[in-house]
Amino acid sequence: MYRKIIEDLRKWKTSRTRKPLILQGARQTGKTWIMKEFGRLDYKNTAYLFCQENPALENLFNAPFGSFTA
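Remember, predicted model here, so these are calculated numbers, not experimental data.

S.K.: Please give an account of the overall build of the chain that cites residues and values.
M.R.: Each helix and strand counted, the chain has 3 helices and 0 strands in total. Taken from the N to the C terminus, the helices and strands of the chain come in the order α-α-α. Counting all 70 residues of the chain, 11% fall into the buried class. A separation threshold of at least 6 residues defines the contact pool for the chain, and within that pool the share at least 24 residues apart is 46%. Just so you have it, the chain exposes about 6,600 Å², and 55% of that area is on carbon and sulfur atoms.

Here is the structure:
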């Protein structure tokens, strides 16, 4: 399925001055689908993390900045 937003995401991907990507919108509008599709089409490998089903991931994003090491 073609979506115009894929073009916008590709522009973001190739921008030399890109910032982190935050995709916001109403519930049930296809945000997850479009990100998975963008990953499938434009990247060799992708990862999908669903924080609601994994408390350890949820806590990672709730931790104060700098309180964990990679």
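S.K.: Please provide a residue-by-residue account of the packing of aromatic side chains, values included.
M.R.: Throughout the structure, instances matching the rule amount to 2 aromatic pairs. If you follow lysine 36 out to its NZ or CZ, it ends over the ring of tyrosine 48, 4.1 Å from the centre.

S.K.: Help me get a handle on the pattern of salt bridges, residues and values and all.
M.R.: If charged atoms from side chains of opposite charge come close, those side chains can pair. Inspection of the entire model under this criterion finds 3 salt bridges. In this structure, aspartate 8 and lysine 4 form a salt bridge, with 3.5 Å as the shortest nitrogen-oxygen distance. Highlighted residues: aspartate 8 and lysine 4, both in helix α1 (residues 4-14), separated by 4 residues, approximately one helical turn. By relative accessible area, aspartate 8 is classed as partly exposed at 36%.

S.K.: Mind laying out the packing of α1 against helix α2 (residues 31-42), listing which residues take part and the relevant values?
M.R.: Here α1 crosses α2 at 60°, and the two axes come no closer than 11 Å. With respect to each other, α1 and α2 are oriented oblique. Once α1 is placed against α2, the crossing between them reads as right-handed. Only Ile34, Met35, Phe38, Leu41 and Asp42 of α2 make contact with α1, whose side of the interface consists of Ile5, Ile6, Leu9, Arg10, Trp12 and Lys13. Tallied by class, residues from the contact of α1 with α2 come to 8 nonpolar, no polar and 3 charged.

S.K.: Quick one: what's the story with unusual backbone geometry, residue by residue and with numbers?
M.R.: Unusually for a residue other than glycine, glutamine 28 sits at a positive phi of about 60°. With respect to the helices and strands, the residue glutamine 28 is situated in the loop between α1 and α2. A relative accessible area of 76% means that glutamine 28 is categorised as exposed.

Scoring rules and cut-offs
One numbering rule holds for all chains: residues counted from 1, following each sequence as written. Two thresholds apply to this predicted model, a pLDDT of at least 70 for residue-level local features and 80 or more for giving and counting side-chain atom pairs, whereas whole-chain, interface and lining totals are computed over all residues. Heavy atoms from the whole structure form the basis of all side-chain values; hydrogens and water molecules are not counted. Every helix listed is a DSSP run of H or I at least four residues long, and every strand listed is a run of E at least two residues long, numbered separately from the N terminus. Only protein chains enter the area calculation, which uses a 1.4 Å probe; residues under 20% of their type maximum are buried, those over 50% are exposed, and those in between are partly exposed. When checking whether two residues touch, look at their non-hydrogen atoms; a contact exists if any pair is within 4.5 Å. Residue burial considers only the protein chains on display, and all accessible areas are found by Shrake-Rupley using a 1.4 Å probe. To pair, rings of Phe, Tyr and Trp, with the six-membered ring standing in for Trp, must have centres within 6.5 Å; the planes then decide the type, stacked if under 30 degrees apart, edge-to-face if over 60, and tilted in the middle. Whether a charge sits over a ring comes down to the Lys NZ or Arg CZ being within 6 Å of the ring centre and within 35 degrees of the ring normal. One side-chain nitrogen of Lys or Arg within 4 Å of one carboxyl oxygen of Asp or Glu is enough to make a salt bridge. Lines are fitted to the C-alpha atoms to define the axes, a helix being fitted only along its stretch in contact, and any angle between axes, read from their N-to-C directions, falls within 0 to 180 degrees. Oblique is the label for any angle not under 35 degrees, not over 145, and not in the 65 to 115 range, which are roughly parallel, roughly antiparallel and roughly perpendicular in turn. For any helix crossing, the convention is left-handed if the near helix is rotated counterclockwise from the far helix by under a right angle, and right-handed if that rotation is clockwise. Following the grouping adopted for this structure description, the nonpolar residues are Ala, Val, Leu, Ile, Met, Phe, Trp, Tyr, Cys and Pro, the charged ones are Asp, Glu, Lys and Arg, and the polar ones are all others, Gly among them.

Any link to function would need more than the numbers given here.
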